[in-house]
Amino acid sequence: MKIVHQSSMKQQLPRLRPLTSPWMFNIMENTQLQQELFDTYGSPINVHDLPSFVGNIKEYLEILDTYPFKSQIFFARKANKFRNLINAAVNAGIGVDTASYQELKQCLDLKVQADKLISTAAIKNNKLLELAVQEGVLLIIDNQDELQQLLRVAKRLDTPAKIGIRVSGFAYQGKKLYSRFGFDIDTVEHTLHDFFRESGNKTYLQVEGLHFHLDGYSTAQRGHSIHQSLDLAMRLREQGFTVSFIDIGGGILMNYLASKNEWKTFQDTLQQALLDNHRPITYNNDGLGYSTRNGKVEGTLATYPYYNENSKASFLRDILETPDAHSRTVAQRLHALKVELRLEPGRSLLNQVGMTMARVAHRKVDATGTHLVGLEMNMSQMMSSSADFLLDPFVAFQARDGAKPAVEVYFTGAYCLERDILLKRKIALPQLPDIGDTIFFVNTAGYMMHFFETEAHLFQRARNLALPQKKATYGLKDFEGE
Ligand SMILES: Cc1ncc(COP(=O)(O)O)c(C=O)c1O
């Protein structure tokens, strides 16, 4: 048995080889274990390597430890629903950012301490507000209605609520950074001043800090937004508010791919395919964000930037080293002003943590002569919020046969939709997989596994399993369920 990527065909499709970890190959190279896992848990299965998760946490903690200012990390739990990650995060010394009543309740049921939890839910009903107030969990407040609603809840329960104020609309290069979330930075001071003029409001709603989360992956935008938040924090302190932290949300980049060249070649080839200068490399010649007009390619690649040189720790360092107009860095100001930095990374804490494995159900050739390989999984079980997940999958062939011809395939899923194509890229393989072979999609723990998972056709959701410890080889008993 041999693990193989793509074959060396004459007209090669561009490859996008992913970064991988040894634990993944440990499973990929053991076809017997794969059969046992499928027989026990069905297909697909999401495997999570907890030591990799803890390693990512430590990497951030180590960076932050090199700075004198106070800091806290909260794992953005929305990026992955697997319950076992909660204890792993807390035991590694960080908190959890929850985004719904259920996420918060689950953490409290797991006995996570209130000061290790925050709620950043986009929509907050009374049930969530009551739970957070009763348990003393800090809520990030998005708008005036939430302020009023929370005030009523806090008064009714006669218990003060801890809050952070979410802010947006930071100035950057002469423009405002638009967001549908938060209070506008240009008016928030006035709004808070008016709201808290009412005697008693400060007793029931205790402002502890400021929060923002930016779309996109610019370190400079984040750095300048922290500087503006620090300026706002100082003005609010002068008005008697306690602003002890600035929470900068998530969005720290991670790198999925091994080769910069492959990333570039893929984009070039995709554009050439759209211009008819190359055979299609995607299903229905999908431009993944690019389109053509008058013989020219327009638009941008609408996927996650899967290849990044500045990711994780270095990305964070760049934010902290961003200078303001007086050449003071973010790190220097946080320290001088005694403001705690809070982070809510989701995806980047899940770097190298997950792998989705699915069993081959059938093979066919469609009317255009294209091989379609049907997997026991559906599109919602590995779905990107962007145009596609651009990592080469791996195949574990039960019987590798060098005499068999190489093929190019699309992987198809179980939903009755023409568009249930698991990867939009055509994938070259050294031979056609057999029924029962295993296809592996690596590094899927951040958003890919769960965020869009649905139960159409009454399909059960995929089983989530954890590998709690690093081992030289794994057996069925090493995998823990929820
Ligand atoms: C408020 C907030 N915090 C944290 C995150 C996590 O971001 P990421 O997974 O990119 O680190 C998000 C993602 O949408 C968010 O909206």
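Residues numbered from 1 in each chain as written. Predicted model: local features only at pLDDT ≥ 70, side-chain atom pairs only at ≥ 80, totals over all residues. Heavy atoms only, no water.

Account for the domain arrangement of the protein chain, with residues named and values stated.
Structurally, the protein chain comprises domain 1 (3-49 + 352-478), domain 2 (50-253 + 309-349) and domain 3 (260-298). Once you take the C-alpha centre of each, domain 1 and domain 2 turn out to be 36 Å apart. A combined buried area of about 1,400 Å² lies between domain 1 and domain 2, and 59% of that area is made up of carbon and sulfur atoms. The three residues of domain 1 that bury the most area against domain 2 are Val353, Tyr447 and His450, which together make up 38% of that side's buried surface. Summed over the shared surface of domain 1 and domain 2, the result is 0 salt bridges. Across the contact surface, domain 1 and domain 2 share 8 residue pairs in polar contact (both at pLDDT 80 or more). Elements that contribute at least two residues to the side of domain 1 that touches domain 2 include exactly β2 (45-49) and β22 (463-467). Sort the elements by how many residues they give to the side of domain 1 that touches domain 2 and β22 lands first, with 4 residues. (Domains from an automatic or database assignment. Buried area = accessible area lost by both parts, 1.4 Å probe. Salt bridge = Lys/Arg side-chain N within 4 Å of Asp/Glu carboxyl O. Polar contact = N/O pair within 3.5 Å; in protein donor to acceptor, adjacent residues only side chain to side chain. Helix = DSSP H or I, 4+ residues; strand = E, 2+ residues; numbered from the N terminus.)

A description of the packing of helix α8 (residues 188-197) against helix α10 (residues 219-238) should follow, citing residues and the corresponding values.
Where α8 meets α10, the closest approach of the two axes is 11 Å, and the angle between their N-to-C directions is 25°. Considering their axes alone, α8 and α10 lie roughly parallel with respect to each other. Judged by the sense of rotation from one axis to the other, the crossing of α8 with α10 is right-handed. Of the residues in α10, those touching α8 at Val188, Glu189 and Leu192 are Leu232, Arg235 and Leu236. For the contact of α8 with α10, the class distribution of residues is 4 nonpolar, no polar and 2 charged. (Axes fitted to C-alpha atoms, helices over the stretch in contact; angles between N-to-C directions. Parallel < 35°, antiparallel > 145°, perpendicular 65-115°, else oblique. Left-handed = near helix turned anticlockwise from the far one by under 90°. Contact = heavy atoms within 4.5 Å. Nonpolar A, V, L, I, M, F, W, Y, C, P; charged D, E, K, R; others polar.)

Give me the lowdown on the packing of helix α3 (residues 50-65) against helix α4 (residues 84-91), citing residues and values where you can.
It is at 10 Å that the axes of α3 and α4 come closest, and there the two elements cross at 40°. What the angle tells us is that α3 and α4 run oblique. For α3 against α4, the interelement crossing comes out right-handed. Contacts from Leu50, Phe53, Val54 and Ile57 in α3 reach Leu85, Ala88 and Ala89 in α4. A breakdown of the residues in the contact of α3 with α4 according to their chemical character gives 7 nonpolar, no polar and no charged.

Please set out the pairing of strand β19 (residues 407-412) residue by residue, giving values where relevant.
Counting buried positions over the 6 residues of β19 gives 6, a clear majority of the element. The side-chain alternation of β19 yields two buried faces, one formed by Val407, Val409 and Phe411 and the other by Glu408, Tyr410 and Thr412. In terms of strand pairing, strand β17 (residues 371-375) meets β19 through 4 bridges, oriented parallel. When the sheet's bridge partners are listed, glycine 374 is paired in β19 with threonine 412. Of the strand pairs in this sheet, β19 and strand β20 (residues 427-429) are connected by 3 bridges, and their pairing is antiparallel. Within β20, the position partnered with valine 409 by the bridge is isoleucine 427. (Buried < 20%, exposed > 50% of the residue type's maximum accessible area, 1.4 Å probe, protein only. Pairing = 2+ DSSP bridges.)

Account for the packing of aromatic side chains, naming residues and giving values.
Throughout the structure, instances matching the rule amount to 20 aromatic pairs. Look at phenylalanine 196 and phenylalanine 241: their rings are 5.3 Å apart centre to centre, the planes differ by 80°, and that puts the pair in the edge-to-face class. Highlighted residues: phenylalanine 196 in helix α8 and phenylalanine 241 in the loop between α10 and β12 (245-247), separated in sequence by 45 residues. Each member of the pair, phenylalanine 196 as well as phenylalanine 241, is classed as buried. (Phe/Tyr/Trp six-rings, centres within 6.5 Å; stacked < 30°, edge-to-face > 60°.)

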